[in-house]
Amino acid sequence: MCPECPNCRADSGSVVRNGHFFRRSDSRKFQNFRCKACLKYFSNATFSDCYRQKKRRINEPLRDLFCKRISLRDAARHFKVSRTTIARRLVFLAAQSRKRNTMLLHSIQAEFGAFDRVQFDDLITAEHTKCKPISATVVVQEDTRFILSYCVAQIPAFGPLAAIAKQKYGHRADHSRRQRDRLLKQLTDLLPIHTTFRTDEHNHYPVVIKRHFPHTTHVTHKSARGSVSGQGELKKVGRDPLFSINHTLAMFRDKMSRLSRRSWNLSKRIDRLDDHLAIYIESHNRMIFERLKKAKNH
Ligand SMILES: [Zn+2]
């Protein structure tokens, strides 16, 4: 069966096969086609996600490295490609990961049931300088630690940096509430209405939960002091009721170099942070899904 023509949308009846070609950049063979209506040529590769990319071989290893604490610059040195290639590929891989993750969450629900107990919290990082902080809200399922959704938002500098930041970079609007609201709204499609939420005592959380999940139970916990090692999310308390979210956020800090504390790596742009998170989250969910499926079948 021939595909329809991507150029003039003629149906498969007017498309004929026209030999093969071998794509050297990833050693794959593709069928060529010719459209009898518009006389244009195309191939199976025309429909591929990697159409017109160079260096296709780096895609999957790069996706993996993005979840293993490599910086974008080190990735460029590792593959001997330019920083621009890595930056563009981050955007490309993120778009793929977002699609894959949506499908993955459906498979997870089909296999293990609805996500009816969740925890969420904010992770604070920054773009370009510590004077421009970003808050990333991350929602996980309790116990399994599947990451259900996330959002990123710029926030104004706080603490001792607030005055310096204002003087140097001017006013920085707080988008965190707006983004969190959007996030919870999105979650109404994924979570059942009786979902239990467990969070710390942030004053916006009850408001936003009540707005989108009016019939739900919201349990809050006093947030414990972070351990001295600099990983603020790893608590030094006996049993942390918010372990699922805290542990997940601590893993973010460990697995994405732009998020690690006391490091010279930092996001340059908030949209690229969003992309990096999308890639990490898909890989994180896939890893847990594989592990739980294996445990279930034994
Ligand atoms: Zn055509």
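Residues numbered from 1 in each chain as written. Predicted model: local features only at pLDDT ≥ 70, side-chain atom pairs only at ≥ 80, totals over all residues. Heavy atoms only, no water.

Student: It is not clear to me how the pairing of strand 2 (residues 28-35) should be interpreted in this structure. Could you clarify?
Tutor: Where strand 1 (residues 15-23) meets strand 2, 7 bridges bridge the pair, whose relative direction is antiparallel. By the bridge assignment, Val16 is partnered in strand 2 with Arg34. Here strand 1 folds back onto strand 2 in antiparallel fashion, the turn holding 4 residues, of which Ser27 has a positive phi close to 55 degrees. Of the pairings in the sheet, the one linking strand 2 to strand 3 (residues 41-43) comprises 3 bridges and is antiparallel in character. Bridge pairing in strand 3 places Asn32 opposite Ser43. Between strand 2 and strand 3, which pair antiparallel one after the other, the connecting turn spans 5 residues, and Leu39 there sits at a positive phi close to 60 degrees. (Pairing = 2+ DSSP bridges. Helix = DSSP H or I, 4+ residues; strand = E, 2+ residues; numbered from the N terminus.)

Student: Would you explain the coordination of the zinc ion in this entry?
Tutor: By definition of the ideal shapes, a tetrahedral metal site with four donors has angles of 109.5 degrees and an octahedral site with six donors has angles of 90 or 180 degrees. The zinc ion binds to the protein through Cys5 (SG), Cys8 (SG), Cys35 (SG) and Cys38 (SG); the donor distances cover 2.3 Å. Taken in sequence order, the residues that donate to the zinc ion follow the motif C-x2-C-x26-C-x2-C. Here the residue Cys8 occupies a position in the segment before strand 1, and Cys35 occupies one in strand 2, the gap between them amounting to 27 residues. Judged by relative accessible area, which is 34%, Cys8 ranks as partly exposed. On the accessibility criterion, Cys35 (0% relative accessible area) is buried. (Donors = N, O, S within 2.8 Å, 3.2 Å for Na, K, Ca; no water. Buried < 20%, exposed > 50% of the residue type's maximum accessible area, 1.4 Å probe, protein only.)

Student: In this structure, what is going on with the nonpolar core? I would like to understand it.
Tutor: The tendency in soluble globular proteins is for nonpolar side chains to be buried as a group. The biggest cluster of nonpolar side chains holds 36 residues, and the ones touching the most others in it are Leu62, Ile86, Val138, Phe252 and Leu277. Every element with two or more residues in this core is listed here: helix 1 (59-66), helix 2 (72-79), helix 3 (83-112), strand 5 (133-141), strand 6 (147-154), helix 7 (243-255) and helix 8 (270-297). When residues in this core are grouped by element, the largest group, 6 residues, is from helix 8. The next biggest cluster of nonpolar side chains, apart from the first, holds 22 residues, and it includes Ile108, Val139, Tyr205 and Val208. (Core = buried A, V, L, I, M, F, W, Y, C linked by side-chain atoms within 4.5 Å.)

Student: What exactly am I supposed to notice about the domain arrangement of the protein chain here?
Tutor: Quoted interface sizes are often the accessible area lost when the parts come together. Annotation of the protein chain at the domain level lists domain 1 (12-48) and domain 2 (57-297). Taking only C-alpha atoms into account, the centre of domain 1 sits 41 Å from that of domain 2. (Domains from an automatic or database assignment.)

Student: Honestly, the side chain of Glu142 in this entry has me stumped. Any pointers?
Tutor: Relative to the helices and strands, Glu142 resides in the loop between strand 5 and strand 6. Accessibility expressed as a relative area gives 9% for Glu142, which makes it buried. Excluding anything up to four places from it in sequence, Glu142 contacts Arg117, Val118, Gln119, Arg198 and Ser244. (Contact = heavy atoms within 4.5 Å.)

Student: Help me understand the sheet that holds strand 2 in this model?
Tutor: The pairing of strands in a sheet happens through backbone hydrogen bonds and is either parallel or antiparallel. The 3 strands lie next to each other as 1-2-3, forming an open sheet whose pairing is antiparallel. Strands with a single pairing partner mark the edges of an open sheet, and in this sheet they are strand 1 and strand 3. Taking each pair of neighbouring strands and ignoring which way they run, the sheet shows an average axis angle of 30 degrees. (Axes fitted to C-alpha atoms, helices over the stretch in contact; angles between N-to-C directions.)

Student: Help me out: how do you make sense of the packing of aromatic side chains in this one?
Tutor: All told, the structure shown has 8 aromatic pairs when counted by the stated rule. Ring centres of Phe120 and Phe197 lie 6.1 Å apart, and the angle between their planes is 85 degrees; on these two criteria the pair is classed as edge-to-face. Linking Phe120 in strand 4 (residues 117-126) with Phe197 in strand 7 (residues 196-199), this pair joins segments that are 77 residues apart in sequence. Pairwise contacts between aromatic rings join Phe120, Phe197, Tyr205 and Phe213 into one cluster. Directly above the ring of Tyr169 sits Lys132, whose terminal nitrogen or CZ lies 4.7 Å from the centroid. Across from the ring centre of Phe112, 5.2 Å away, lies the NZ or CZ of Lys296, which sits over that ring. (Phe/Tyr/Trp six-rings, centres within 6.5 Å; stacked < 30°, edge-to-face > 60°. Lys NZ or Arg CZ within 6 Å of the ring centre and 35° of its normal.)

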